[in-house]
Amino acid sequence: MKRRPEPEELMEGEDQARAYAEADFTESNTLFIRLLQQLVSDTHRPLAALDLGCGPADIVIRFLRAYPNARCAALDGSKAMLKLAAQALSAHPELVERAQLIQDCIPSERLPRAHYDLVLSNSLLHHLPDPQVLWETVRSAAKPGAPVLIMDLMRSASPGWVETLVETYAGSEPEVLKRDFRNSLYAAFEPAEVSAQLQTAGLECLEVAVVSDRHLAVMGYLPT
Ligand SMILES: C[S@@+](CC[C@H](N)C(=O)[O-])C[C@H]1O[C@@H](n2cnc3c(N)ncnc32)[C@H](O)[C@@H]1O
């Protein structure tokens, strides 16, 4: 199926951001943390992490709980999303001090170079008109040898499979969320396309894996 980019890159609408923040992503976000624990098994390591396209910060919160000595810079271009992220974090006062919210878009001038011990991102890649901006940001912001975990949806094989996934995973969600999920399944990349992106970026050291019926993950360590 041909890729159909997201109609809008940023999720700036307040209703859209709220519907996303209220949706239940427990299954996929738990999977994300499980994959991370395979990559970084020492959960007590002091880490300076970066979450790109953090949205309402559910993954930031799960990460800071799972890695009690880590800090996390969480970047998103959407003001509405970061407002929800700040609200979600304020419900966890014990974590707030270890999180830093940054409103900016990648490519970003505000991220320090070769600074982060770990780069994370979930469901950002398919939003980008040019996916290389993600791989360039990973390369420039992370320290040499840093672990990287990027998870995203993968493009469905057919419109029929898109509708099956929408019904299965968003059947009882509000219409705005169903629409966004459908758009995302058309905008997402196929695993082979992501492998080609990594090759172009000189990041063949990262592995692409299919990790669910709708997700792929890019995992590994940057060159030292
Ligand atoms: C589908 S949401 C994922 C949010 C979060 N990572 C999660 O897993 O729940 C994608 C997020 O990426 C943000 N985004 C899209 N393009 C961006 C860019 N170039 N720079 C920063 N954020 C971006 C959107 O505003 C949105 O909040």
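Residues numbered from 1 in each chain as written. Predicted model: local features only at pLDDT ≥ 70, side-chain atom pairs only at ≥ 80, totals over all residues. Heavy atoms only, no water.

Chemist: Which residues make up the nonpolar core, and what values do they have?
Modeler: Counting residues in each nonpolar core, the largest one holds 32 residues, and the members touching the most others are Leu36, Val60, Phe63, Tyr67, Leu118 and Leu149. For this core, the elements supplying multiple residues, two or more each, are helix H2 (26–39), helix H3 (58–66), strand E2 (71–76), helix H4 (79–90), strand E4 (118–122), strand E5 (147–153) and strand E7 (215–221). When residues no more than four places from it in sequence are discounted, the contact partners of phenylalanine 63 are Ile33, Leu36, Ala49, Ala70, Arg71, Cys72, Leu118 and Leu120. Judged by nonpolar contacts, the second largest core, of 31 residues, contains Leu75, Leu124, Ile150 and Leu203. (Core = buried A, V, L, I, M, F, W, Y, C linked by side-chain atoms within 4.5 Å. Buried < 20%, exposed > 50% of the residue type's maximum accessible area, 1.4 Å probe, protein only. Helix = DSSP H or I, 4+ residues; strand = E, 2+ residues; numbered from the N terminus. Contact = heavy atoms within 4.5 Å.)

Chemist: Outline helix H7 (residues 159–170), supporting the account with residue identities and numerical values.
Modeler: Residues three or four positions apart in an α-helix share a direction because the helix packs 3.6 residues into each turn. When the terminal C-alpha atoms of H7 are compared, their 16 Å separation across 12 residues agrees well with the 16 Å that a helix rising 1.5 Å per residue should span. Buried within H7 we find Val162, Leu165, Val166 and Ala170. Buried positions in H7, seen along its axis, are confined to an arc of 100 degrees and lie on one side of it. Seen from the buried face of H7, the exposed residues on the opposite side, beyond 90 degrees, are Glu167 and Thr168. (Expected span 1.5 Å × (residues − 1). Arc of directions from axis to C-beta.)

Chemist: Give me the lowdown on the site of the ligand, citing residues and values where you can.
Modeler: As a structural note, the neighbourhood of the ligand is formed by 21 residues, with Glu9, Tyr20, Gly53, Asp76 and Asn122 the closest of them. One of the side-chain nitrogen or oxygen atoms of asparagine 122 is found 2.7 Å away from an oxygen atom of the ligand. The residue inventory of the shell around the ligand, partitioned by class, reads 11 nonpolar, 7 polar and 3 charged. (Near = heavy atom within 4 Å. Polar contact = N/O pair within 3.5 Å; in protein donor to acceptor, adjacent residues only side chain to side chain. Nonpolar A, V, L, I, M, F, W, Y, C, P; charged D, E, K, R; others polar.)

Chemist: Now, about the packing of aromatic side chains: what can you tell me, with residues and values included?
Modeler: Within the structure shown, the criterion is met by 2 aromatic pairs. Here the aromatic rings of tyrosine 20 and phenylalanine 25 are separated by 4.7 Å at their centres, their planes lie at 40 degrees, and the arrangement is tilted. The class for phenylalanine 25 is partly exposed, based on a relative accessible area of 27%. Cation over ring: arginine 4 sits above tyrosine 186, and NZ or CZ is 4.0 Å from the ring centre. In this structure, arginine 214 packs its charged tip against the face of tyrosine 169, placed 3.5 Å from the ring centre. (Phe/Tyr/Trp six-rings, centres within 6.5 Å; stacked < 30°, edge-to-face > 60°. Lys NZ or Arg CZ within 6 Å of the ring centre and 35° of its normal.)

Chemist: Break down the sheet that holds strand E6 (residues 207–210) for me, with residues and values.
Modeler: Across a sheet, paired strands are connected by hydrogen bonds in the backbone, their directions being either parallel or antiparallel. The sheet built from 7 strands is open, its strands ordered E3-E2-E1-E4-E5-E7-E6 with mixed pairing. Across the chains shown, the open sheet's two edge strands, defined by having one partner strand only, are strand E3 (99–103) and E6. Ignoring strand direction, the axes of neighbouring strands in this sheet form an average angle of 15 degrees. Pairing of strand E1 (residues 48–52) with E4 involves 4 bridges; the strand directions are parallel. (Pairing = 2+ DSSP bridges. Axes fitted to C-alpha atoms, helices over the stretch in contact; angles between N-to-C directions.)

Chemist: Summarise the UniProt feature "domain: Methyltransferase type" (unreviewed entry) in the chain; cite the residues concerned and give the values.
Modeler: Those residues carrying the UniProt feature "domain: Methyltransferase type" (unreviewed entry) are residues 50–146 in this numbering. Within the segment residues 50–146, helix and strand shares are 36% and 20% respectively, and the terminal C-alpha atoms sit 11 Å apart. (UniProt positions renumbered as here; feature names shortened; annotations may be inferred.)

Chemist: Please set out the pattern of salt bridges residue by residue, giving values where relevant.
Modeler: Applying the stated criterion across every chain, the model contains 9 salt bridges. Measuring nitrogen to oxygen at the nearest pair gives 3.4 Å for the salt bridge that ties glutamate 190 to arginine 155. Pair noted here: glutamate 190 is in the loop between helix H8 (175–187) and helix H9 (191–200) and arginine 155 is in the loop between E5 and H7, with a separation of 35 residues, a long-range link. On the basis of relative accessible area, arginine 155 is assigned to the buried category, the value being 9%. Among the salt bridges present, the one from aspartate 213 reaches arginine 214, with a minimum N-O distance of 2.8 Å. You can call arginine 214 buried: its relative accessible area is 7%. (Salt bridge = Lys/Arg side-chain N within 4 Å of Asp/Glu carboxyl O.)

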